[in-house]
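Structural overview
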Amino acid sequence: SPGIAGHVERILARRYLGTLVGDGGKDDLGPGAPSMPAGITDVTVKSGTGDTASLSLYFSVAVDGSRYESVYADLLTQVVTNRLTTHIREELGASYSPYAATYLPRPPDLLVETYVFVSGAPADMERLADVLRADLRELTTTGPSDEEMAAALAAVQEDYRLFSNEQLADLLVTTIPDEEKLALYEGRLAAADEIGADELAAFAARVLPRDQFVQVVQLPR
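Here's what I pulled together on the structure shown here. The model shown is predicted, which means the values in this text are computed figures rather than measured ones.

By the secondary structure assignment, T102 is in strand β3 (residues 99-103). Polar side-chain contacts of T102 include one of 3.0 Å to the side chain of T114. Once residues within four sequence positions are removed from consideration, T102 is found in contact with A73, D74, L76, T77, V112, E113, T114 and F203.

Laid out in structure tokens, this is it:
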């Protein structure tokens, strides 16, 4: 859970674990998510009713350890979402609810994960999959346009400038044991302004590999 509620949950979890009887040994914290399957996994499932189907793509790669990798992820989220909205929904008229997100989960999962989701008519799923993958390939080779980059930067800057009391409280609490988190938080606005289209294209090529992802098509029964 995000925010201060998530911090409270972690405190309560530690207190509960502290009541358990141990054997004096030390265990390493393992990954919290299963490993990404090798190659391309393409699955079609039949679930639900009605006349709407969906297409989901999932990518997962290891973090590269760069200081502002999460800022790259936020910019890529905006670019891909904008493409889904303008190309697939408005130009093709083929999707009702496009959505994309690239983000870094909390440790111990040192990953960059990307989810892409579109819905539409069952007969359009194959066409949507081809168009969507072509859009992502084009993004990783030529990068975002000037207009896409400007729109993404404006959205990310606005998001960084606005924060709630809950976010501020969470930041103050969590930076007590991790001062670096505050420095990253303070520097992310300037970092976003320094990222160019070529750099974002290189990031997209790394986190959206053409030869390793999971694709799930859901069709109504």
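Let us now look at the pattern of salt bridges. What the rule picks out here adds up to six salt bridges. Among the salt bridges present, the one from D64 reaches R206, with a minimum N-O distance of 3.6 Å. Placement of D64 in the loop between β2 (53-62) and α2 (69-91) and of R206 in helix α7 (residues 197-207) is noted, with a sequence separation of 142 residues between them. The exposure class assigned to R206 is partly exposed, which follows from its relative accessible area of 28%. The partner of D124 in a salt bridge is R127, with the nearest N and O atoms 3.4 Å apart.

With relative accessibility at 4%, the residue T102 sits in the buried group. Along the sequence, T102 and A73 sit 29 residues apart, while their C-alpha atoms lie 5.2 Å from each other.

The next subject is the nonpolar core. Of all hydrophobic cores here, the largest spans 43 residues; its most connected members are L76 and L200. Among the elements that line this core, the one with the most residues is α2, at nine residues. With residues up to four places along the chain from it excluded, the contact list for L200 reads Y72, L75, L76, V79, P144, M149 and I195.

Another aspect to go through is the sheet that holds strand β5 (residues 213-219). What the five strands build is an open sheet, ordered β1-β5-β2-β4-β3; its pairing is mixed. The sheet terminates laterally at β1 (40-46) and β3, the two strands that pair on one side only. Pairs of neighbouring strands in the sheet enclose a mean axial angle of 10°, with direction left out of account. When β1 meets β5, the two strands line up parallel, connected through seven bridges. Looking at the pairing, T44 lines up with V217 of β5. Helix α3 (residues 125-142) contacts β2, β4 (111-120) and β5 of the sheet and is inclined by roughly 30° relative to β2.

Scoring rules and cut-offs
Residues numbered from 1 in each chain as written. Predicted model: local features only at pLDDT ≥ 70, side-chain atom pairs only at ≥ 80, totals over all residues. Heavy atoms only, no water. Helix = DSSP H or I, 4+ residues; strand = E, 2+ residues; numbered from the N terminus. Polar contact = N/O pair within 3.5 Å; in protein donor to acceptor, adjacent residues only side chain to side chain. Contact = heavy atoms within 4.5 Å. Salt bridge = Lys/Arg side-chain N within 4 Å of Asp/Glu carboxyl O. Buried < 20%, exposed > 50% of the residue type's maximum accessible area, 1.4 Å probe, protein only. Core = buried A, V, L, I, M, F, W, Y, C linked by side-chain atoms within 4.5 Å. Pairing = 2+ DSSP bridges. Axes fitted to C-alpha atoms, helices over the stretch in contact; angles between N-to-C directions.

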